[in-house]
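# An overview of the molecular structure
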Amino acid sequence: MTIAIVYASNTGNTEDLVHLLQGLFSEKQIAVSMYPVEEFPISELGRLDAIVVGTYTWGNGNIPDEMLPLYRAFEHYGRKDLVTGVAGTGDSGYPSFCGAVDEFRNMLFVQSNLAATLKIEVRPQGKDLDRCRKFVDLIVERVCKKMFSKLT
Ligand SMILES: Cc1cc2nc3c(=O)[nH]c(=O)nc-3n(C[C@H](O)[C@H](O)[C@H](O)COP(=O)(O)O)c2cc1C
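Summary of the structure given here. Source: prediction; values computed, not measured.

Per the counting criterion, the structure on display carries three aromatic pairs. Measuring from centroid to centroid gives 5.2 Å for Tyr35 and Phe40, while their planes differ by 70°, and the two rings are edge-to-face. Phe40 matches Tyr35 in its accessibility class, with the two residues each being buried. Between Tyr71 and Phe104 the ring centres are 5.3 Å apart and the planes differ by 75°, which places this aromatic pair in the edge-to-face class. Here Phe104 lies in helix 3 (residues 99–111) and Tyr71 lies in helix 2 (residues 68–76), a separation of 33 residues in the sequence. With a relative accessible area of 15%, Tyr71 lands in the buried category. On the basis of relative accessibility, which here comes to 0%, the residue Phe104 falls in the buried class.

The structure is reproduced here in structure tokens:
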């Protein structure tokens, strides 16, 4: 099972979140490659079973600039068999809470096999653990389902 987490984080909240998610995959004996978005080779999109996008939200509900090449690559190389999830941190004091998660969700729903979304208030806390675990479970279940359907 080849899974990558590709993320952007300005002040570290989203980085904390993706490391938490990586740990939850690892509890299931699933190794996940982690890439700050600037270091992610877009060609990997064709090889992965699943990709988790981790993003903060900027401006007025916007996707951060550094995530835009990845967003456009999904639009360009749409792969309906690629399992995806999008997780993000944001601040509900802004009118569009985790707006970048919504933007990715809307696009990935069309361009990929979207399995799960997750919005976290600012930085992950103990109370968020169940939702994080559920997010990881949904991604893994979807990949297993895809692999099983290929065998039958
Ligand atoms: C200028 C600015 C604009 C922001 N706009 C939004 C927004 O529209 N919606 C939202 O949910 N959070 C917004 N945030 C909050 C960040 O997304 C939030 O603090 C996030 O956890 C930062 O993640 P990071 O630590 O990974 O960079 C904004 C923060 C700043 C500084």
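From this point, the discussion proceeds with the structure in view.
Attention now goes to the layout of surface pockets. Within this model, the largest pocket holds a volume of roughly 340 Å³. In terms of lining, the largest pocket is formed by 18 residues, of which the most central are Tyr56, Thr57, Gly90, Asp91 and Tyr94. Taken together, the elements giving at least two residues each to the lining of the largest pocket come down to helix 1 (13–27) and strand 4 (83–90). Looking at the lining of the largest pocket, its residues break down into five nonpolar, 12 polar and one charged.

Each value, and the rule that gives it
- Residues numbered from 1 in each chain as written.
- Predicted model: local features only at pLDDT ≥ 70, side-chain atom pairs only at ≥ 80, totals over all residues.
- Heavy atoms only, no water.
- Phe/Tyr/Trp six-rings, centres within 6.5 Å; stacked < 30°, edge-to-face > 60°.
- Buried < 20%, exposed > 50% of the residue type's maximum accessible area, 1.4 Å probe, protein only.
- Helix = DSSP H or I, 4+ residues; strand = E, 2+ residues; numbered from the N terminus.
- 1 Å grid on protein atoms, 1.4 Å probe; cavity = no way out; pocket = protein on both sides within 12 Å on 5 of 7 lines; lining within 4 Å.
- Points joined across faces, edges and corners; volume = space filled by probe spheres on them.
- Nonpolar A, V, L, I, M, F, W, Y, C, P; charged D, E, K, R; others polar.

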